[in-house]
Amino acid sequence: MPFEQPRPTWDEYFLMLAKLAATRSSCLAFPVGAVIVKNKQVLATGYNGPPTGAAHCTDQGYCYPGLSSCDASKIMPSRAVHAEANAIAQAAKHGILTDGSSIYVTLEPCLSCLKLIISAGIKEVFYETSFNSGESLLIRDSFVKDGLVTLKEIHLSEITAQRATTFLLKPTSVAKDNRVR
Ligand SMILES: [Zn+2]
Ligand SMILES: [Zn+2]
């Protein structure tokens, strides 16, 4: 039986995993997911939300009272740990080497996360949506120019996204249709 649809590329595969991780985000700010990968193996995953054990913004209904985002206050520090930082922390917690790995994120890392990524030895960043602008962009580009890290914007093809949607909406491993292993 022929394959009705192509398999996702590795980049698409890991971006989809990052998107799934993002569904677990527990901050009212936009959902973000991250997956650290080395040699096509997943090392760690993360999503944005307050530190382990702290109240989830989504559970209490606000980030800070009156604020809809952990990053919205000019005076209060962000409650949320960003997805990339959480993935790196998860690796650290479980003693997993991140040196020489890559990270897939649904949103381009902020400068704090990018610095953390570089210092964790993560060499490649693949992101879906751009984030940095203005002076942040200049600093980001200086890191790239110095050869510390590479960044690449990637997207799911329509056919991959549709196929994944079908898999999510219906039982996946049914023999009677065209989905071949
Ligand atoms: Zn929040
Ligand atoms: Zn960040």
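Residues numbered from 1 in each chain as written. Chains lettered and ligands numbered in written order. Predicted model: local features only at pLDDT ≥ 70, side-chain atom pairs only at ≥ 80, totals over all residues.

Asks: Any chance you could explain the sheet that holds strand β3 (residues 102-107) here in plain terms?
Replies: Two pairing modes exist for strands in a sheet, parallel and antiparallel, and in both the strands are linked by backbone hydrogen bonds. Here five strands make up an open sheet; going across it, the order is β2-β1-β3-β4-β5 and the pairing mixed. A single partner strand is all that each edge strand has here, and the edge strands are β2 (41-47) and β5 (150-153). With strand direction ignored, the average angle separating the axes of adjacent strands in the sheet is 20°. Sheet topology note: the strand β1 (residues 33-38)/β3 ladder contains four bridges and is antiparallel. Looking at the pairing, Ile36 lines up with Ile103 of β3. Helix-sheet contacts for helix α1 (residues 10-22) involve β1, β2, β3 and β4 (124-129), and the interaxial angle to β1 is about 140°. Of the strands in this sheet, β1, β2 and β3 touch helix α3 (residues 83-93), which is tilted by about 130° from β2. (Pairing = 2+ DSSP bridges. Helix = DSSP H or I, 4+ residues; strand = E, 2+ residues; numbered from the N terminus. Axes fitted to C-alpha atoms, helices over the stretch in contact; angles between N-to-C directions. Contact = placed C-beta atoms within 7 Å.)

Asks: Help me understand the packing of α3 against helix α4 (residues 111-119) in this model?
Replies: The description of two packed helices rests on the angle between their axes and on the distance between the axes. Close contact between α3 and α4 brings their axes to 9 Å; oriented N to C, the two are set at 30°. By the criterion of interaxial angle, the relationship of α3 to α4 is roughly parallel. Every pair of crossing elements has a handedness; the one defined by α3 and α4 is left-handed. Contact residues: α3 offers Glu84, Ala85 and Ile88, while α4 offers Cys113, Leu116 and Ile117. Grouping the constituent residues of the contact of α3 with α4 by class yields five nonpolar, no polar and one charged. (Parallel < 35°, antiparallel > 145°, perpendicular 65-115°, else oblique. Left-handed = near helix turned anticlockwise from the far one by under 90°. Nonpolar A, V, L, I, M, F, W, Y, C, P; charged D, E, K, R; others polar.)

Asks: What's the story with the pairing of β1 in this structure? I'm lost.
Replies: Both faces of the sheet carry side chains from a regular strand, because those side chains alternate between them. The buried count for β1 comes to five of six residues, which makes it a mostly enclosed element. Hairpin connection from β1 to β2: two residues lie between these consecutive antiparallel strands, with Asn39 at a positive phi of about 50°. (Buried ≥ 20, exposed ≤ 12 C-beta atoms within 10 Å, placed from the backbone.)

Asks: For this particular structure, what's the right way to read the pairing of β4?
Replies: The pairing of β3 with β4 spans five bridges and is classified as parallel. Note that in β4 the partner of Ser102 across the bridge is Glu124. In this region the chain leaves β3, passes through α4 and returns to the parallel neighbour β4; the handedness of that crossover is right-handed. The pairing of β4 with β5 spans four bridges and is parallel. (Right-handed = clockwise from strand over helix to strand, strands pointing away.)

Asks: Hey, could you run me through α3 in this one?
Replies: Because an α-helix packs 3.6 residues into every turn, residues spaced three or four apart end up facing the same way. Listed in full, the buried residues belonging to α3 are Ala83, Glu84, Ala85, Asn86, Ala87, Ile88 and Ala91. Turning to α3, the residues buried within the fold contact α1, β1, β2, β3 and α4. In the segment just after α3, Gly95 is the residue with positive phi, at about 65°.

Asks: I keep staring at the nonpolar core and nothing clicks. Help me out?
Replies: Generally speaking, nonpolar side chains in soluble globular proteins are found buried as a group. Ranked by internal contacts, the top residues of the largest apolar core, which has 39 residues, are Ala34, Tyr104 and Val105. Only α1, β1, β2, α3, β3, α4 and β4 provide two or more residues apiece to this core. Setting aside residues no more than four positions away along its own chain, Val105 makes contact with Ala18, Val32, Ala34, Ala83, Glu84, Val125 and Tyr127. (Core = buried A, V, L, I, M, F, W, Y, C linked by C-beta atoms within 7 Å.)

Asks: Explain the environment of Thr165 to me, please; I cannot follow it from the model alone.
Replies: Within the secondary structure, Thr165 sits in helix α6 (residues 158-169). Residue classification places Thr165 among the exposed positions, given that 10 C-beta atoms sit within 10 Å.

Asks: Help me understand the UniProt feature "active site" (unreviewed entry) in the chain, please; the structure alone is not making it clear to me.
Replies: Here, UniProt's "active site" (unreviewed entry) annotation points to Glu84. For Glu84, the location among the structural elements is in helix α3. Accessibility expressed as a C-beta count within 10 Å gives 30 for Glu84, which makes it buried. In contact with Glu84, not counting residues within four places along its chain, are Ala34, Gly46, Ile103, Val105, Pro109, Cys113, Leu116 and Ile117. (UniProt positions renumbered as here; feature names shortened; annotations may be inferred.)

Asks: Is there a simple way to explain the packing of α4 against helix α5 (residues 134-145) in this structure?
Replies: Their axes nearest at 11 Å, the elements α4 and α5 cross at an angle of 10°. Judged by the angle between their axes, α4 and α5 are roughly parallel. For the pair α4 and α5, the contacting residues are Leu111, Leu114 and Ile118 in the first and Ser136, Ile139, Arg140 and Phe143 in the second. Split into classes, the residues belonging to the contact of α4 with α5 amount to five nonpolar, one polar and one charged.

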